[in-house]
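One letter stands for each residue in the lines below.
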Amino acid sequence: MSFDAKRLLTDRQVEEAAGMFSALADPQRLRLLILLAGREISVSELAAAQGEKLSTLSARLKVLHAARLVGRRREGKSILYHLADDHVLALVSSAVDHACETH
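Residues numbered from 1 in each chain as written. Predicted model: local features only at pLDDT ≥ 70, side-chain atom pairs only at ≥ 80, totals over all residues. Heavy atoms only, no water.

A. Quick look at the pattern of salt bridges. Under the defined criterion, the tally for this structure stands at six salt bridges. Put simply, Arg-60 and Asp-26 hold a salt bridge, and the shortest N to O gap is 3.8 Å. Within this pair, whereas Arg-60 is found in helix α4 (residues 54–66), its partner Asp-26 is found in the loop between α1 (11–24) and α2 (27–36), the two being separated by 34 residues in sequence. On the accessibility criterion, Asp-26 (23% relative accessible area) is partly exposed. Between Arg-60 and Glu-52 there is a salt bridge, with its nearest N and O atoms 2.3 Å apart. On the basis of relative accessibility, which here comes to 21%, the residue Glu-52 falls in the partly exposed class. Look at the salt bridges and you will find they share partners, linking Arg-12, Glu-16 and Arg-68 into a network. (Salt bridge = Lys/Arg side-chain N within 4 Å of Asp/Glu carboxyl O. Helix = DSSP H or I, 4+ residues; strand = E, 2+ residues; numbered from the N terminus. Buried < 20%, exposed > 50% of the residue type's maximum accessible area, 1.4 Å probe, protein only.)

Honestly, that's just the spatial picture; any functional story needs more than this.
See below:
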């Protein structure tokens, strides 16, 4: 479904969208989403890539999961994270592209 500015949204839908932007507002959480673009990665791999403690990374992933920006699945003893869907990829790509534009 594409965005239609004329469509009336419920308060819940607007609040959920605002929650996504709130989750995206942290640079380290945004970096995680960029790392997850197009692939699944375990928590330990993400921690190594970011140079962070598992507890710090887990807290960031919890926020992203609560905002429905990432999904997760268990494989053996590992939890693998991925972008929730193509909308998240488009949102992150648009934000990064816009930030890279010259003024």
